[in-house]
Amino acid sequence: MRKLALLAIAFALASALYVYLLNPALALLLAGGCMVVFTVLLALKGKWRKRYLFLAAGAVAGLLWCAAYEQFYLQPVWEHAEEKENLTLTVLDYPEEGRFGLETVAAGVVAGRPIRIRVQHTANGEDLKPGDRIEISATLKKSVREYYGKIYLYDQAKGIALTAADKELDRILPCERIPVWGWPRLAARFVGEKLEEIFPSNAAGYLKALTTGDKSGLDGLTQETLSVAGVSHTVAVSGMHVSILLAFLFLLLPGHKILRALIGSAAVILFAIFTGGSPSVVRAAIMQIYLLFADVFHRQTDGPTAFGGALLLILLPNPWAAADVSFQLSFGALAGILLVSMPMQQKMKEISWIKKGLKLPVFRRMLNFVISCISMTLGASLFTVPIVAITFGSVSIYSLLTNLMILWAVPFCMIGGFLTVLLHLIWPFGAKLLAFPITLLVRYVLWAAGFIAKLPFADLSTSSGYVVLWLIFVYLLLGISYLFKEFKPYPVTACCIVAALCGTLFFAVLEHSGREFEISALDIGQGQCLVMHTEESTYMIDCGGTDPEGSGRIAVQYLQSSGITGIDGLILTHYDLDHVGGVPFLLTYYPVKTLYLPDVAEEYGRREEIERLAESQGTALVYVTEELQLEDDICTVQIHPPVSHFDANAASLSILYSVGDYNMFVTGDMDKYSEYDLLLKYQLPQVELYVAGHHGAKTSSSEELLAALHPETVVISVGNNYYGHPSEETLERFARIGATVYRTDQEGTIIIGR
């Protein structure tokens, strides 16, 4: 491996270590240790030491650079955090919809240092554009995002040092003309608007993400589908997109190296800015420019050297970029491709029947595509699978199949999207004609992703210990195979990995079998999703959490890993997002026989969406307007209609689930007044398990209800939140009746059964 690559890799790993774990004092201590190692290596002899010299030097440089960057750049800026400042800023990009209104990234000066600030505003500023000036008076905060109690370095990784919330911008000074540096973003906005005008909504959203990097047109369900199928990288602008763009340009510019290098370099730089400048596309642009000019100057093109140069060029301006997931995935994928994919392609082409097929013009293109797709997917997965498993908690086992099905269509969609927009400028009708086959291609891509996402065990969750053990086994086996590569153990390795996967799935399913019943409160953050399973039937109560679509995905992962093939009844207590947000994903990717709903009005359109989707999936709809009892040979489910319609929470269904002498009671988000009405109307039995109302809010789980139910066990389905759930008052009420309390935010998924 080249010297620059070794130096850069050590620099990057040291930067990541510093960003996630260290402070300046510890960094200096660790850098001193690396300096000692470096000095000892200098004193030794032998060629073997050179590699470690560069690794030690890179680690020292990375630690010292991060410490200096924080001490001399970030700390003086952060000293102004929690202070109210009057600032004049330059808008860098168009506003985006955030969690609390509009968010605009702008540039300014704080503590004498040029910085980027994310400004949150709600009352005005929706028409801001690059180059506009804004004046704000707001309290600055460090750009560390705390989302439901978890710390994220998203903004710092993007080079945003501070955030400011100003409900109404004090003053907006529009620029007469967008400056030159803002033209690429203006062009991206124009292309996105034209795509929405030309194509149907589902195709336009995908094409907009594919060409401009803007995923705002993709609904959450589509994004989760692409993720489950293992092809979300197609809408995360990266090296693949840069390569597609250059390949198309080179078709138009055959032969002339200097012209191709100049135009190609300009194109990739503009494309990187055009798509928002994510680390993945910047990395690809740097490497492509290096390779283009290496060809011009007749220098040997060296992948590891280009890799190292790109790493350093991104990390030197902002070492916190190491915390960016797109940065990690981009460089992880490329490292795997350089280490594994290229040698694998050569090995595959040496297989006798493939070698014969490559000699036939009819099969040559197809075989080359299949070989390239398999080797690139496996190589890229080598380092990205652990990153995805740790960051997102899932593993897609069919990604290779999905890539084989759709990657051939992605270049046609991307280039076709650009050409359609250009054609629309001169011949709108012709653009509509061209849009038709491209729309069909996009629909095929989305259909293929949806088809794969519906396959059994398409999405494995790392919340299962068996899946984690399987991943550890896979990487240990790959390491052993590499050490003994002269024995060519790869066919045996592949068979062992597949056999271990089958064993993992078998034991995961076996763990949930053999019980009379099993009640599970899934860990989906701030929300609720309960699964009740017996040999006769499976019922689910609610499906929504911190991440609406993600909660549906978690539910499907759990059902599949438990060997549950379908849901007999899905009961929705009410229509709040933290109770129904995951229902669209669940209905799309898992068979549900019957959906039980409260027949109450709902202002956000969630009821209509769920009804429409349920009907399209063949799920029967039952509106609970009077007491309803469902039963089989093992369990009984009593569903009570809303006893109050004061507000959305009050109008919740309540459910009594019974197996023999074991009872569970669920009240949704009922408040204490609705609980009083419930007690007046129904004779409730004592229960073994009570699921705390409204996630343990102080306005629910009244003393009167607890006295009637007298539960032995209380489960609180809750996540990190800003509401104070569960309240101390409610926990004290549970303690007074002697109930054992379990919380999903502390225990994770809670399973109770016998």
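Residue positions are given per chain, counted from 1 along the sequence in the order it is written. pLDDT decides what is reported in this predicted model: residues at 70 or higher carry local features, side-chain atom pairs at 80 or more are listed and counted, and totals for whole chains, interfaces and linings draw on all residues regardless. Calculation of side-chain values draws on the structure's entire complement of heavy atoms; hydrogens and water are dropped beforehand.

## Considering the overall build of the protein chain
Each helix corresponds to a stretch of at least 4 residues labelled H or I by DSSP, and each strand to a stretch of at least 2 residues labelled E; elements are numbered beginning at the N terminus. Check the secondary structure of the protein chain and you find 27 helices and 25 strands. Put simply, the radius of gyration uses C-alpha atoms, and a globule should come to 2.2 Å times the residue count raised to 0.38. For 754 residues, the compact-globule estimate of 2.2 N^0.38 gives 27 Å, and the C-alpha radius of gyration of the protein chain, at 29 Å, lies within 12% of that figure. Overall, the protein chain is about 85 × 70 × 70 Å in size when its C-alpha atoms are taken along their principal axes. With a 1.4 Å probe rolled over the protein chains alone, any residue whose accessible area is under 20% of its type maximum counts as buried; one over 50% counts as exposed, and the rest are partly exposed. Looking at the protein chain as a whole, 51% of its 754 residues qualify as buried. Within the protein chain, counting contacts between residues at least 6 apart in sequence, those at least 24 apart form 71% of the total. The contact criterion used is simple: two residues touch if any of their non-hydrogen atoms lie within 4.5 Å.

## Details of the packing of aromatic side chains
Under the pairing criterion, centres of Phe, Tyr and Trp rings, with the six-membered ring standing for Trp, must be within 6.5 Å; the plane angle then separates stacked pairs below 30 degrees from edge-to-face pairs above 60, leaving the rest tilted. Within this structure, the stated rule accounts for 17 aromatic pairs. The interplanar angle of 50° and the centroid separation of 6.1 Å between the aromatic rings of Phe274 and Phe418 together place this pair among those described as tilted. Of the two residues, Phe274 is situated in helix H9 (residues 257–274) and Phe418 in helix H16 (residues 410–426); the sequence distance between them amounts to 144 residues. Side by side, Phe274 and Phe418 carry an identical accessibility label, which is buried.

## A look at the pattern of salt bridges
Definition used for salt bridges: Asp or Glu carboxyl oxygen within 4 Å of a side-chain nitrogen of Lys or Arg. Summed over the entire model, instances satisfying the criterion amount to 21 salt bridges. The salt bridge involving Lys208 is made with Glu196; its shortest N-O contact spans 2.8 Å. Here Lys208 is found in helix H6 (residues 201–212), whereas its partner Glu196 is found in helix H5 (residues 183–198), with 12 residues between them in sequence. For Lys208, a relative accessible area of 10% puts it in the buried group. A salt bridge links Arg736 to Glu703; the shortest N-O distance between them is 2.9 Å.

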